[in-house]
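Structural description and commentary
In case you want the letters, here they are:
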Amino acid sequence: METYYKPEDLKKFSGITEWQKKLGDKFFEYYGAVFEEGALTKREKSLIALAVAHTVQCPYCIDAYTGDLLNQGVDEEQMMEAVHVAGAIRGGASLAHGVQMMNQVKEKLM
Amino acid sequence: MPGSLQKQNHPLASAKGQIELLNDNDSIGIPLFEHKLNEFGLDPLKPTGIDILQINVGKMCNQVCAHCHVDAGPDRKEIMTRETMQQCLEALAGTNISTIDLTGGAPEMNPHFRWFVEKLSQLEKQIIVRCNLTIILAHPRYNDLPGFFKKHKINVVSSLPYFNARRTDAQRGEGVFDKSVKALRMLNAAGYGKGNPAWKLDLVYNPAGAFLPGDQTSLENQFKRKLAEYDIVFDDLFSITNLPISRFLEYLVKTEKYEDYMTEMVNAFNPTAAANAMCRNTVSIGWDGYMYDCDFNQMLELKLNDASKHIKDFNLETLASREIIVNQHCFGCAAGAGSSCGGATT
Ligand code: SF4
Ligand code: SF4
């Protein structure tokens, strides 16, 4: 089936260096450093990545970090809670802008 | 699980069917394990010494786990006889093999199991029993196993693929998690899992699907934390990779994950893990007394590459200089941090 996103394209990600090697290499070096164990554990970083992946709705990142979290032994409840964090922030961001709408309405009405 | 593959007359029930599939590496675009070893100067793989004798006392089991590399189950009748056990005892006497590792099936279902353990314990070697936990509750005659293990200072090694029922039961069968929790509490009550080296209780984690295990220490920490919620303690956690053999191989093929899984293992090839493969210090004995490089080779019927092929002809000297028979399933032992019956190898 022809789709916009092909699962096998995830494996080609590193190929982005082909047309801009310097920037691509810098990105991957940075990416690797970000996910190293630091003040946050590898696990915590992967859970954040999963939540962000759902926010930016990147199917590649969702697949990659679901797999990574399974490898790390993270359970289903923890993964779903991370997705809810993404959902809450997204929903919250919309609703918080409701204040903006309310301000506008109040300003415009008598 | 509809019974063992053998019971279903499944083509992957035979060692031949499995080897044919594994050997067709070209069609899935992966290299030969042997070539990979060669690349790192490890071919042929040879023993470093023989420290562990792993004895598979039979394929009969009270469970029919979806990933079982033995294709064990209640319908399997292959059981080690007392005569073969006697041959094992004779082979062991006077050697400096330090550890005897009893496995199955459920080794406790062999009618000579207790007799064998009693005889083995007179040799004053470390004895491991791979206990699937649920056997302790399977019948009243097994309820006293924790006490029996304790008496003989057995190192109990038990599979618990996950700290929740969903993943454990999906792999090992409905209700297995709850029964395992009960059995672990019985072992704890007998003094197991509390840091005393005489009564060591280790758990085995293996992924409940087509993925590789992560870092063993971090998994152990998670297991300790989560199982504490059930008032369960244990000593070490061994993380083990599922090798593409028997029922796990059938699962990979059936779910169309075989190619991806093999590729994932090849990509994770770690020469240090390959160099530390357990076959380098272990000999595995089958229920009928034939010898193999490991329990996996046993299930693939890859008999030892040595003049002595049966326990009755056990010869430490020739065994120690044999060449280990490898095949594509060996990628599982060499992936990532490595995998053995004692967990990660690096
Ligand atoms: S994995 Fe172990 S407990 Fe499960 S069927 Fe196989 S031998 Fe039995
Ligand atoms: S599968 Fe057996 S022979 Fe192959 S590397 Fe692992 S322990 Fe050695």
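Residues numbered from 1 in each chain as written. Chains lettered and ligands numbered in written order. Predicted model: local features only at pLDDT ≥ 70, side-chain atom pairs only at ≥ 80, totals over all residues. Heavy atoms only, no water.

1. Description of the interface of chain B and chain A
Residue-level contacts link 16 residues of chain B with 12 residues of chain A. Taken together, chain B and chain A are joined by four salt bridges. Close ionic contact of glutamate 76 of chain A with arginine 166 of chain B constitutes a salt bridge, the shortest N to O distance being 3.4 Å. Our count for the contact surface shared by chain B and chain A stands at 11 residue pairs in polar contact (both at pLDDT 80 or more). Taken together, the elements giving at least two residues each to the side of chain B that touches chain A come down to helix 7 (165-172), helix 9 (216-228) and helix 11 (258-267) of chain B. If one sorts the elements of the side of chain B that touches chain A by residue count, helix 9 of chain B sits on top with four residues. Here the side of chain B that touches chain A is built from residues that sort into seven nonpolar, three polar and six charged. (Contact = heavy atoms within 4.5 Å. Salt bridge = Lys/Arg side-chain N within 4 Å of Asp/Glu carboxyl O. Polar contact = N/O pair within 3.5 Å; in protein donor to acceptor, adjacent residues only side chain to side chain. Helix = DSSP H or I, 4+ residues; strand = E, 2+ residues; numbered from the N terminus. Nonpolar A, V, L, I, M, F, W, Y, C, P; charged D, E, K, R; others polar.)

2. Re the nonpolar core
Membership of the largest hydrophobic core comes to 105 residues, with the highest contact counts inside it found for Ile55, Leu102, Phe116, Phe149, Phe223 and Ile285 of chain B. Excluding its chain neighbours within four sequence positions, the residues that come into contact with phenylalanine 116 of chain B are Ile55, Val57, Met85, Cys88, Leu89 and Leu102 of chain B. Leu50, Tyr65, Val74 and Ala82 of chain A belong to the second largest nonpolar core, which has eight residues in total. (Core = buried A, V, L, I, M, F, W, Y, C linked by side-chain atoms within 4.5 Å. Buried < 20%, exposed > 50% of the residue type's maximum accessible area, 1.4 Å probe, protein only.)

3. Details of the site of ligand 1
Residues and elements named next belong to chain B. Inspection of the region around ligand 1 gives Cys61, Gln63, Cys65, His67, Cys68, Ala72, Gly105, Asn132, Arg172 and Arg247 as its neighbouring residues. Among the cavities detected, the one that contains ligand 1 is the largest cavity. Residue classes in the shell around ligand 1 are distributed as four nonpolar, four polar and two charged. (Near = heavy atom within 4 Å. 1 Å grid on protein atoms, 1.4 Å probe; cavity = no way out; pocket = protein on both sides within 12 Å on 5 of 7 lines; lining within 4 Å. Sits in = over half its atoms within 2 Å of the grid points.)

4. Side note on the pairing of strand 4 (residues 155-159) of chain B
Residues and elements named next belong to chain B. A large share of strand 4 lies buried, amounting to five of its five residues. Neither face of strand 4 is open: one carries Asn155, Val157 and Ser159, the other Val156 and Ser158, and all of them are buried. In this sheet, strand 4 lies alongside strand 3 (residues 126-130) in parallel orientation, the contact comprising three bridges. The partner of isoleucine 128 across the bridge, within strand 4, is asparagine 155. Across four bridges, the pairing between strand 4 and strand 5 (residues 201-205) is parallel. Counterpart to valine 156 in the pairing with strand 5 is leucine 201. (Pairing = 2+ DSSP bridges.)

5. Observations regarding a nonpolar patch on the surface
Residues and elements named next belong to chain A. Together, Leu10, Phe13, Ile16, Phe27, Tyr30 and Val34 give the surface a local cluster of nonpolar side chains, amounting to about 530 Å² of exposed area. When you line up the elements, valine 34 lands in helix 1 (residues 21-34). With relative accessibility at 33%, the residue valine 34 sits in the partly exposed group. (Patch = residues over 30% accessible without salt bridge, like charges linked within 9 Å, V, L, I, M, F, W, Y side chains within 5 Å. Areas by Shrake-Rupley, 256 points an atom, 1.4 Å probe, with all protein chains shown as cover.)

6. Describing the sheet that holds strand 3 of chain B
Residues and elements named next belong to chain B. Strand order across the open sheet formed by eight strands is 6-5-4-3-2-1-7-8, with mixed pairing between neighbours. Edge positions in the open sheet fall to strand 6 (237-239) and strand 8 (291-292), since each of these has one partner strand only. Bridge count between strand 1 (residues 52-56) and strand 2 (residues 99-103): five bridges; the pairing is parallel. In the strand pairing of strand 2, isoleucine 55 is matched with leucine 102.

7. Regarding the layout of surface pockets
Size it by volume and the largest pocket reaches roughly 1,200 Å³. What lines the largest pocket is a set of 30 residues, among which Ala64, Gly67, Asp68 and Asn71 of chain A together with Glu264 of chain B lie closest to the centre. Only helix 2 (42-55) and helix 3 (59-71) of chain A together with helix 11 of chain B provide two or more residues apiece to the lining of the largest pocket. The dominant element in the lining of the largest pocket, judged by the number of residues it contributes, is helix 3 of chain A, at seven residues. (Points joined across faces, edges and corners; volume = space filled by probe spheres on them.)

8. Examining the site of ligand 2
Residues and elements named next belong to chain B. In the vicinity of ligand 2, the contacting residues are Leu243, Ala277, Met278, Cys279, Cys294, Phe296, Asn297, Ile324, Ile325, His329, Cys330 and Cys333. Comparing atom positions with the cavity grids shows ligand 2 to sit within the second largest cavity. Its residues assigned to classes, the shell around ligand 2 comprises 10 nonpolar, two polar and no charged.

9. Some words on empty space enclosed by the protein
Residues and elements named next belong to chain B. This model, assessed by the stated rule, comprises two cavities of 30 Å³ or more. Computed from the structure, the largest cavity encloses a volume of approximately 620 Å³. The wall of the largest cavity is formed by 34 residues, among which His67, His69, Thr103, Ser159 and Arg172 lie closest to the centre. Per-element tally for the lining of the largest cavity: the top contributor is strand 4, with three residues. Tallied by class, residues from the lining of the largest cavity come to 15 nonpolar, 15 polar and four charged. Computed from the structure, the second largest cavity encloses a volume of approximately 130 Å³. In terms of lining, the second largest cavity is formed by 18 residues, of which the most central are Ala277, Cys279, Cys294, Cys330 and Cys333. Every element with two or more residues in the lining of the second largest cavity is listed here: helix 13 (295-299) and helix 15 (331-334).

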